[in-house]
Amino acid sequence: MMKSVWIGAFGAFLVGSSAFGQQAPSPPPILTQAARLLPVLASKGMVSSQERQASAVGVDILKRGGNAVDAAVAVGFALAVTLPRAGNLGGGGFMMVHLAKTGETVAIDYREIAPAASVPTMFLTASGEPDPKLSRDSGLSVGVPGTVRGLALALEKYGSGKFTLAQLIEPSVRLAREGIAVEEDLADSLPQAMGRMSRYPSSMAIFARDGKALPRGSMLVQADLANTLEAIRQQGPDGFYKGRVAEAIVSATREAGGIMTLDDMSNYKALIRQPVTGSYRGYTLASMPPPSSGGVHLAQILNILEGFDLKAMGAGSAASLHVLAEAMKPAYADRATFLGDPDRVKVPVKGLTSKAYAAKQRAKIDLAKATKADDIKSGDPLPHESDQTTHFSVVDSEGNAVSNTYTLNFSYGLALVANGTGVLLNNEMDDFSAKPGAQNAFGLVGSEANSVHPGARPLSSMTPTILFKDGKLFMVTGSPGGSRIISTVLQVIVNVIDFEMNLAEAVAAPRIHHQWKPDALAVEPGISPDTLKLLADRGQNVRPGAASGSANSILLQGGWLQGAADPRQRGTAAIGY
Ligand code: GLY
């Protein structure tokens, strides 16, 4: 359920000092608006994440004088303990950092990489067909983890200097050692993971009792994970990438049929990249560049949409949903052709995000009729694998911001804990294209541009994004959701900018998704049957589906920070002060 955590908000009213040193209007305008849902308000700083204890860890760092990056690093480590299905040490991700003082916005790439012994055919059977078991369910599916180096790099380059890595890890060591109650999302997700986890005694020893998921209300104590975090606390990233922990990770992957080596671990590097930039109706955005497809296609779809009067069509109307779907299709088609690791292939980012290119694609959209996707293999099911990426947003009192999305790929990744480390390993290698045209677990197809190569980063859809208005911070957003990440982030933005929803409404509103192939329009519950019929009448292949995404976001408006944690998962929390 939506958490309306008002920690510190009333204090903020009384004090009257607002975000970024200006006087806060009182009362905040958002309270005077008619809305079904209201965001959390705060004047100084905010963390919006998928798990309450992790949000609280981040806000505590902000209150103690840390900046948004310090808080984000602490949240990143905390989620590895409190949201083990997605928060991680054994996976990878992307962090967008905006620094108010210089106006600089950078993208930190800590995506997993393919081990050095990887080859393009490693996920094919002898007859040359993709074998999803290899890419999703074996030691070969594990990419070299990037999270620990990524978080350490963020702190080193952009932290306030007031906190050491050791200090920021300390709350996570405590949470792992003392244990956390199995409730909310943990209690919901663990039983579903048992099938895959039961193959690995090292995982069952932590997450199960008598062969069953730890029951709701019991305690999850992660002593081995606490020791791993302690090793990082004492030695920095070397405590993870070298020595005992690295050896255990390499052994675990190799015993499960993988090829990772100690050199792969010690050679891992997180990178700083230039964000993808774009504009939409007077707002500018900075988002994740390749090896994520997120920023490129978010910018591309917004460019296409800019030529339509969505506001006049109305939120949730068949007209606006049809246009959204039609704008998504060409972008996902381009994703399948052009996107890959930019250090290996040339990705035409400039062309894909240009207004001129969008105008050409917009011209092909028929407001009355759905465009059919080319070469559709009939009967392709909508992807339904449970992804478990997680997104969090942080803003501090200086206006610095972090938008971070990281992942193990599936829920609990490969579901394999490297023995003695407490570290769940990812199965991110499935995000490569096993061969041109092959689908990954999310039904996404790719080309040679996203084929497996030693040291390459698999293509992602993660879309951590920061928006600006008149050069000033406006919004921090992102989401999990596999292939649906891009369309989720898109709709949160459109809901705020076009439909003028407050952030809580924008995040909660039902979403749609079209990824070109399969040619199906996935719709969340909450869209009326009449609307679905109107969409079907236009030729959209409507497929009602489950809710997806967890777009934990922050918005700055009228001198106040609005926070919204996505109501689609339990235990999410936006906490401000
Ligand atoms: N593993 C999902 C993504 O990176 O897009």
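**A closer look at the site of the ligand**
By nearness alone, every residue bordering the ligand is listed as Arg111, Asn409, Glu428, Asp431, Ser460, Ser461 and Met462. Aspartate 431 places a polar side-chain atom, nitrogen or oxygen, 2.6 Å from a nitrogen atom of the ligand. Interatomic distance of 2.7 Å between a backbone N/O atom of serine 461 and an oxygen atom of the ligand. Isolated, the ligand exposes 190 Å² of accessible area, and the fraction of that covered by the protein chains is 98%.

**Focus: the side chain of serine 141**
Tracing the sequence through the fold places serine 141 in the loop between α4 (132–136) and α5 (147–158). In this structure serine 141 comes out as buried when scored by relative accessible area, which is 0%.

**As for the sheet that holds strand β11 (residues 283–287)**
Read across the sheet, seven strands follow the order β1-β22-β21-β17-β16-β11-β10 without closing on themselves; strand pairing throughout is antiparallel. The two strands at the open ends of the sheet, each matched to only one other strand, are β1 (40–42) and β10 (276–280). Sheet twist, expressed as the mean angle between neighbouring strand axes with direction ignored, is 25 degrees. Two strands pair when backbone bridges link them, and strand β17 (residues 472–477) and strand β21 (residues 553–557) are joined in this way by two bridges, in the antiparallel orientation. By the bridge assignment for β21, valine 476 is matched with isoleucine 554. Its contacts with the sheet put helix α18 (residues 485–497) on β10, β11, β16 (465–469), β17 and β21, and the angle it makes with β17 is roughly 135 degrees.

**Looking at the environment of valine 394**
Looking at the secondary structure, you find valine 394 in strand β12 (residues 387–395). By relative accessible area, valine 394 is classed as buried at 0%. With 250 residues separating them in the primary sequence, valine 394 and valine 144 have C-alpha atoms 27 Å apart. Aside from chain neighbours lying at most four places away, what touches valine 394 is Met46, Val47, Leu62, Ala68, Ala71, Ala72, Asn400, Ala401, Val402 and Ile554.

Procedures and definitions
Residues numbered from 1 in each chain as written. Predicted model: local features only at pLDDT ≥ 70, side-chain atom pairs only at ≥ 80, totals over all residues. Heavy atoms only, no water. Near = heavy atom within 4 Å. Polar contact = N/O pair within 3.5 Å; in protein donor to acceptor, adjacent residues only side chain to side chain. Areas by Shrake-Rupley, 256 points an atom, 1.4 Å probe, with all protein chains shown as cover. Helix = DSSP H or I, 4+ residues; strand = E, 2+ residues; numbered from the N terminus. Buried < 20%, exposed > 50% of the residue type's maximum accessible area, 1.4 Å probe, protein only. Pairing = 2+ DSSP bridges. Axes fitted to C-alpha atoms, helices over the stretch in contact; angles between N-to-C directions. Contact = heavy atoms within 4.5 Å.

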